[in-house]
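Overview (structure and organization)
Here is how the chains run, residue by residue.
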Amino acid sequence: TGFDRVDMNVGTMENKGFELGLNTIPYKSKNWQWDLNFNIARNFNVIREISECYPTERGNINANGEYKTFMQVNNPFGSFYGFKFAGVYKDLESTIARDPGGKPIIGPNGQTIYMKFNYPSIGYTFQPGDAMYEDINHDGNINYQDVVYLGNGNPLFTGGFGSSVTYKGQWKLTAFFNYRYKYDVVNGTKLNTTNMYTFDNQSTAVLRRWRKEGDVTDIPRALYRTGYNSLGSDRYVEDASFLRFRTLTLRY
């Protein structure tokens, strides 16, 4: 046919919720009228069924800038997962792997064990100045077992409100605002302008990057096309709640 793919119905997703609207006239006289309006909505998104033949997860957590996404029955669509960012390794001692009690992990021959990334398939040993990720199971190895829920792109509430003033039925001044409350996004701009991975322009935030042992900062060292300093983590996940002034209209 010439097409390399086809869209298919591979499951069932349920959306339900509520919307409340309020319109009122607080003041009205022979020449003047003041109107107010407000609405708020809530949507509940749940996956009810997924075909066994359809992949339910995407994303390579071993690559910089990528997040893991899952589609799970009875959970909302739009959730993303990754690592918990814990700062920057300030010196060599801080890269030592530690057990749940905070004690250094000792190897079978009494050697010091340092934090690694995805051992043994990658086996990168973290160095001073590298990004630090939370070792959830305290095994000294940052891998898929340390991936956690980071956020959801579905707002808790959406809506808008406005006001208008009318004079003698001929002049009308109207203002309108809209909002979204409590929803998460990955700040791709922040990711691309602080990763120091290529020669691309960077944010002035990288001026406070780690440079020498002992530096305490939230920006890892600069590494050209190597390292794991910009893995998908909560470092780039932000609450994107907003209140936006949309329009101001004067009509005659």
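Look above for the structure.
Just so you know, these numbers come straight off a predicted model, no measurement behind them.

1. Brief notes about the pairing of strand β12 (residues 157-167)
Across 10 bridges, strand β2 (residues 32-50) lies against β12 in antiparallel orientation. Bridge pairing in β12 places Phe38 opposite Phe161. Note: β12 against strand β13 (residues 171-181), 11 bridges, orientation antiparallel. Counterpart to Thr166 in the pairing with β13 is Lys172.

2. Details of a nonpolar patch on the surface
Nonpolar side chains collect at one region of the surface, where Tyr27, Trp32, Trp34, Leu36, Val165, Trp171, Leu173, Phe245, Leu248, Leu250 and Tyr252 lie side by side and expose about 1,200 Å² of accessible area between them. If you list the elements that add at least two residues to the nonpolar patch, you get β2, β13 and β16 (242-251). Mapped onto the elements of the fold, Trp32 is located in strand β2. Here Trp32 falls in the partly exposed class, since its relative accessible area comes to 43%.

3. Here we look at the pattern of salt bridges
Oppositely charged side chains may form a pair once their charged atoms are brought near each other. The tally for this structure, following the rule as stated, stands at 8 salt bridges. Residue Lys84 pairs with Asp234 through a salt bridge whose shortest N-O separation is 3.3 Å. Highlighted residues: Lys84 in the loop between β5 (79-82) and β6 (85-88) and Asp234 in the loop between α1 (188-194) and β15 (237-239), separated in sequence by 150 residues. Judged by relative accessible area, Lys84 falls into the partly exposed class, the value being 30%.

4. Re unusual backbone geometry
With an omega of 5 degrees, the peptide bond running from Tyr119 to Pro120 counts as cis. Within the secondary structure layout, Pro120 lies in the loop between β7 (116-117) and β8 (124-125). Unusually for a residue other than glycine, Lys182 sits at a positive phi of about 60 degrees. Checked against the element boundaries, Lys182 lands in the loop between β13 and β14 (184-186). Although it is not a glycine, Arg225 sits at a positive phi angle of roughly 50 degrees. Tracing the sequence through the fold places Arg225 in the loop between α1 and β15.

5. Details of the packing of aromatic side chains
Enumeration over the complete set of coordinates arrives at 18 aromatic pairs. Relative to Tyr228, the ring of Phe117 lies with its centre 4.5 Å away and its plane at 35 degrees, an arrangement referred to as tilted. Of this pair, Phe117 sits in strand β7 while Tyr228 sits in the loop between α1 and β15, placing them 111 residues apart in sequence. A relative accessible area of 0% places Phe117 in the buried class.

Reading the values: rules and limits
Residues numbered from 1 in each chain as written. Predicted model: local features only at pLDDT ≥ 70, side-chain atom pairs only at ≥ 80, totals over all residues. Heavy atoms only, no water. Pairing = 2+ DSSP bridges. Helix = DSSP H or I, 4+ residues; strand = E, 2+ residues; numbered from the N terminus. Patch = residues over 30% accessible without salt bridge, like charges linked within 9 Å, V, L, I, M, F, W, Y side chains within 5 Å. Areas by Shrake-Rupley, 256 points an atom, 1.4 Å probe, with all protein chains shown as cover. Salt bridge = Lys/Arg side-chain N within 4 Å of Asp/Glu carboxyl O. Buried < 20%, exposed > 50% of the residue type's maximum accessible area, 1.4 Å probe, protein only. Phe/Tyr/Trp six-rings, centres within 6.5 Å; stacked < 30°, edge-to-face > 60°.

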